[in-house]
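Next come the chains, spelled out residue by residue.
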Amino acid sequence: MQAAVFRKPHEPLTIEAIDIDAPGRREVLVRTAASGVCHSDLHLVDGNGRFPLGDPYVLGHEGAGVVEAVGQDVTYVKPGDHIVACLSGFCGACQQCLAGHPNLCTGGIVLRPSSASPRLTLNGSSVVQGFGIASYAEKMLLHENSLVRIDDDIPLDRAALVGCGVLTGVGAALRTAAVRAGQTVAVFGCGGVGLSIIQGARIAGARQIIGVDQFDSKLDMARGLGATHAVNSAQDDPVQAVRSLTRGAGVDHAFEAVGVATLVRQAIESLAIRGTATIVGVLPPDAHIEFPWMAIRPECRVQTSRMGSNQFRVDIPNYLELYRQGRLQLDEMVTRRRPLPEINDAFRAMKAGEVARTVLVFE
Ligand SMILES: [Zn+2]
Ligand SMILES: [Zn+2]
């Protein structure tokens, strides 16, 4: 099958023919229909990820498709079923899973054990399956707990987005932060995740939703998806702007959606008394965040959100029902549809701030 292979940071991915194994007992072979191009993959391509380099990788983790074959112990799906992949694969047996936090699973079921034969190979040698998914390829071989079955009427190019960016953003607003009707919200960074946080805050009934970004194109998208105000951080000091838009009070919830220390500081400094900052972006491991003590309002909280605190087999069908009702806007999130060989241009467009999402579509 064709796949986009990543070998070294700062080098374009190459389209190559690689081999994919038959499903093991609890594995599912999926024909990829669509894959969103998410920022986490760009981190790796740009060389600022925390991943060991060595074997070639197949990246991509925002995939949707149709089940082609299942292993002998799989009862959850059958050939022909439509699925969305999710990198929050859960074991169902560890403390976090049993406590209701499967997004923090420590069971390690997503990848095959290193003693087993690899799922993906190139000329007989091992290829790393990025995030246990590797959706920049014509087929995906997944643990059955890394996917959710969805209804056949949902277009797969839109369903794919819900597997990572939308799940993370909407979940950060609805689950991690639990935004309430009437509250005020600021979102720092209006890419795919930030736009999804804005939608989550709108669905929750926030009265004021302030989008902050350095690109006017993204701020336009933010307004279209529920932001009541937009601040261009290349032109205005965003903390001052948030304070003046909230009559000096600051916001009840500030979200950092990129993974940049400066934005985390700005989010914290934008809070109202008893406000909550939720860090959704993934920062470099050695990032430090510094701010003057006076900048912290009384009883503020700072928390992180891992993949929107998801319980994805519950959340993804729920969010797709909101899409059906027109309350979660996914059509507007897909800026471009492109074939797999245009993957490198999709990364370029993401860096240039041209797109909410490029979705790679197959066949
Ligand atoms: Zn992602
Ligand atoms: Zn677990």
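Calculation rules
Residues numbered from 1 in each chain as written. Chains lettered and ligands numbered in written order. Predicted model: local features only at pLDDT ≥ 70, side-chain atom pairs only at ≥ 80, totals over all residues. Axes fitted to C-alpha atoms, helices over the stretch in contact; angles between N-to-C directions. Helix = DSSP H or I, 4+ residues; strand = E, 2+ residues; numbered from the N terminus. Parallel < 35°, antiparallel > 145°, perpendicular 65-115°, else oblique. Left-handed = near helix turned anticlockwise from the far one by under 90°. Contact = placed C-beta atoms within 7 Å. Nonpolar A, V, L, I, M, F, W, Y, C, P; charged D, E, K, R; others polar. Buried ≥ 20, exposed ≤ 12 C-beta atoms within 10 Å, placed from the backbone. Domains from an automatic or database assignment.

### A look at the packing of helix α4 (residues 165-176) against helix α5 (residues 192-204)
And then number 1: For the pair α4 and α5, the least separation of the axes is 7 Å and the interaxial angle reads 40 degrees. Accordingly, the angle class assigned to the pair α4 and α5 is oblique. Crossing geometry of α4 relative to α5 is assigned as right-handed. Between α4 and α5, the contacting residues are G165, V166, T168, G169, V170, A172, A173 and L174 on the first element and G192, V193, G194, L195, S196, I197, Q199, G200, A201, I203 and A204 on the second.
And then number 2: Taken together, the residues that form the contact of α4 with α5 break down as eleven nonpolar, eight polar and no charged.

### So, helix α8 (residues 261-269)
And then number 1: Buried within α8 we find L263, V264, Q266, A267, I268 and E269.
And then number 2: Those residues of α8 that are buried lie in contact with β12 (184-188), α7 (238-245), β15 (251-256), β16 (271-279) and β17 (301-304).

### Considerations on the packing of α5 against helix α6 (residues 216-225)
And then number 1: Packing of α5 against α6 leaves a shortest axis separation of 9 Å and a crossing angle of 25 degrees. The orientation of α5 with respect to α6, classified from their angle, is roughly parallel. Crossing handedness for the pair α5 and α6: right-handed. On α6, the residues that touch L195, I198 and Q199 of α5 are M221, A222 and L225.
And then number 2: Of the residues contributing to the contact of α5 with α6, the split by class is five nonpolar, one polar and no charged.

### Examining the domain arrangement of the protein chain
How big an interface is tends to be reported as the loss of accessible area on association of its parts.
And then number 1: In terms of domain boundaries, the protein chain breaks down into domain 1 (2-163 + 329-361) and domain 2 (169-306).
And then number 2: Computed from C-alpha atoms alone, the centre-to-centre distance between domain 1 and domain 2 is 28 Å.
And then number 3: Opposite the 14 residues of domain 1 that make contact, domain 2 presents 14 residues.
And then number 4: In terms of residue class, the side of domain 1 that touches domain 2 is made up of four nonpolar, six polar and four charged.

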